Amino acid sequence: MFSLPEIQIEKPSARPRNPCFSSGPCAKRPGWSVAALSSALVGRSHRSKEGRARLDEVITRSRDILGMPADWRLGIVPASDTGAVEMVLWSLLGTRPVDVLAFESFSATWANDIIAQLQLPDARVLRAGYGEVPDLADVDWSRDVVLTWNGTTSGARFADGDAIPADRGGLVICDATSAAFAMDLPWDKLDVVTWSWQKVLGGEAAHGMLALSPRAVERLVSQPAPRPLPKIFRLTNRNGLIEGIFHGDTINTPSMLCVEDALDGLRWAEQVGGLTGLIARSRANLAVIAQWEARSDWASFLAASPRHRSSTAICLRIVAPWFTALDHETQTKAAREIVALLAAEGVAMDVGSYRDAPPGLRLWGGATVEASDLAAVVPWLDWAHAQVRATYI
């Protein structure tokens, strides 16, 4: 296909100490072992005094680390971030027109749910391609707005909330699952924020967090959802907001092993400097990849703009001429071969791009990942690329 000189790259000698670069569930915090779960309330009811206390501790420590405003509610909800987002879409939307921002897989899912499932009559979808974000100047802030702060599958993020007016008419619902604990969130510009345990702090899956501003609570109480809601979505009853949800009374049964693990991650976060320390660790991880990408002749960030580049979901596209000359199906095959080589060597696990994203690589750069491990893995990326390239030219 190409008459290029053959590149010989020797197999690197150094290896990452932790090869886990999955974007969810993500790497455990440095030094983690199952001993961290030795005090878990296994075999105990989550509704016991002790069980409620630990669930409430997750809420309290999360609030404190994130710097959440005192008048916000924070609760633990079922089904990870997906459950938290669906809960608020079904519970809050319908009384105002809606703008939904779609620029990667999950934000596109929220758009589809709003259009196809909720079938809201006055909903606009503002789209951007993978690696980009919609322009906030195009949003009508008199409407309810649904946005994803950080694109887990695209590596693009919103840099700040400066364009969101303080006197907005609608609610801003923010999916922050890959941003919470790694990026500054403008709480005064948001009304609902969701995330899951399995991302930046490396917790286990299946549990979500739902944060509500006073404006969101007022909407829930004064304007009930214009549709029937299953029990798992209900945040109110005939007496108003179900306050227990925000004090450790969960809607369904949580895993107390997962609760203990979440507490371990939160305590570790406090030890590394709280939110400031977590953000610094994630930015250092992005910096490692940025230094490598700047000199790479075959890989480039999917998010071209440094301002909008994610420090957690670090997505890379393959720009080498031999690769771009392939059809999409063959590109996908070649990218998977690179991923398979890295996994077979035990140096980088689960680093393929998301199935809906352009073929390439995705490495998690959240706070639980060590910058030294990313520095150790980038020579392996070059090695794996060279091996696969040789089979296509």
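Residues numbered from 1 in each chain as written. Predicted model: local features only at pLDDT ≥ 70, side-chain atom pairs only at ≥ 80, totals over all residues. Heavy atoms only, no water.

- Within an unreviewed UniProt entry, the label attached to the chain reads phosphoserine transaminase, and the organism entered is Novacetimonas hansenii ATCC 23769.
- Checking UniProt for the chain, the heading Sequence similarities (unreviewed entry) contains the comment "Belongs to the class-V pyridoxal-phosphate-dependent aminotransferase family. SerC subfamily."
- Quoted verbatim from the Catalytic activity (unreviewed entry) field of the UniProt record, the comment on the chain reads "O-phospho-L-serine + 2-oxoglutarate = 3-phosphooxypyruvate + L-glutamate". (UniProt positions renumbered as here; feature names shortened; annotations may be inferred.)

**Looking at the overall build of the chain**
Right, on to step 1. Across its full length, the chain carries nine helices and twelve strands.
Right, on to step 2. Taken against the 2.2 N^0.38 rule, which gives 21 Å for 393 residues, the C-alpha radius of gyration of the chain at 22 Å falls within 12% of a compact globule.
Right, on to step 3. Oriented by its inertia axes, the alpha-carbon framework of the chain measures out at about 75 × 50 × 30 Å.
Right, on to step 4. Across the chain, the fraction of contacts at a sequence separation of at least 24, relative to all contacts at a separation of at least 6, is 72%.
Right, on to step 5. As presented, the chain carries roughly 16,200 Å² of accessible surface, and 51% of it is formed by carbon and sulfur atoms.
Right, on to step 6. The positive charge centre, built from 39 side chains, and the negative charge centre, built from 44, are 4 Å apart in the chain. (Helix = DSSP H or I, 4+ residues; strand = E, 2+ residues; numbered from the N terminus. Rg over C-alpha atoms; globule rule 2.2 N^0.38 Å. Contact = heavy atoms within 4.5 Å. Areas by Shrake-Rupley, 256 points an atom, 1.4 Å probe, with all protein chains shown as cover. Lys, Arg positive; Asp, Glu negative; His and termini not counted. Charge placed at Lys NZ, Arg CZ, Asp CG, Glu CD.)

**Section: the side chain of lysine 199**
Right, on to step 1. Among the secondary structure elements, lysine 199 is positioned in the loop between strand 6 (192-196) and strand 7 (207-212).
Right, on to step 2. Lacking a salt bridge, the buried lysine 199 has aspartate 81 as its closest oppositely charged neighbour, with an N-O distance of 8.0 Å.
Right, on to step 3. In contact with lysine 199, other than residues within four places in its own chain, are Ser23, Gly24, Cys26, Thr152, Thr177, Ser178 and Trp364. (Buried < 20%, exposed > 50% of the residue type's maximum accessible area, 1.4 Å probe, protein only. Salt bridge = Lys/Arg side-chain N within 4 Å of Asp/Glu carboxyl O.)

**As for the environment of alanine 299**
Right, on to step 1. Along the chain, alanine 299 falls in strand 10 (residues 299-301).
Right, on to step 2. Spatially, the C-alpha atoms of alanine 299 and serine 105 are 22 Å apart, while their sequence positions differ by 194 residues.
Right, on to step 3. In contact with alanine 299, other than residues within four places in its own chain, are Trp292, Glu293, Arg317 and Val319.

**Some points on the domain arrangement of the chain**
Right, on to step 1. As far as domains go, the chain holds domain 1 (39-269) and domain 2 (274-390).
Right, on to step 2. A C-alpha centroid distance of 28 Å is found between domain 1 and domain 2.
Right, on to step 3. On the domain 2 side, the residues contacting the 29 residues of domain 1 number 25 residues.
Right, on to step 4. Summed over both sides, the interface between domain 1 and domain 2 buries roughly 2,200 Å², with carbon and sulfur atoms accounting for 62% of that surface.
Right, on to step 5. Contact with domain 2 buries surface across domain 1, with Tyr130, Gly155 and Trp268 losing the most and accounting together for 21% of the total.
Right, on to step 6. The tally of links between domain 1 and domain 2 comes to one salt bridge.
Right, on to step 7. For arginine 307, the salt bridge identified is with aspartate 160, shortest N-O distance 3.1 Å.
Right, on to step 8. On the surface where domain 1 and domain 2 come into contact, there are nine residue pairs in polar contact (both at pLDDT 80 or more).
Right, on to step 9. When contributions to the side of domain 1 that touches domain 2 are tallied by element, the ones reaching two or more residues are helix 1 (49-66), helix 3 (105-117) and helix 5 (256-271). (Domains from an automatic or database assignment. Buried area = accessible area lost by both parts, 1.4 Å probe. Polar contact = N/O pair within 3.5 Å; in protein donor to acceptor, adjacent residues only side chain to side chain.)

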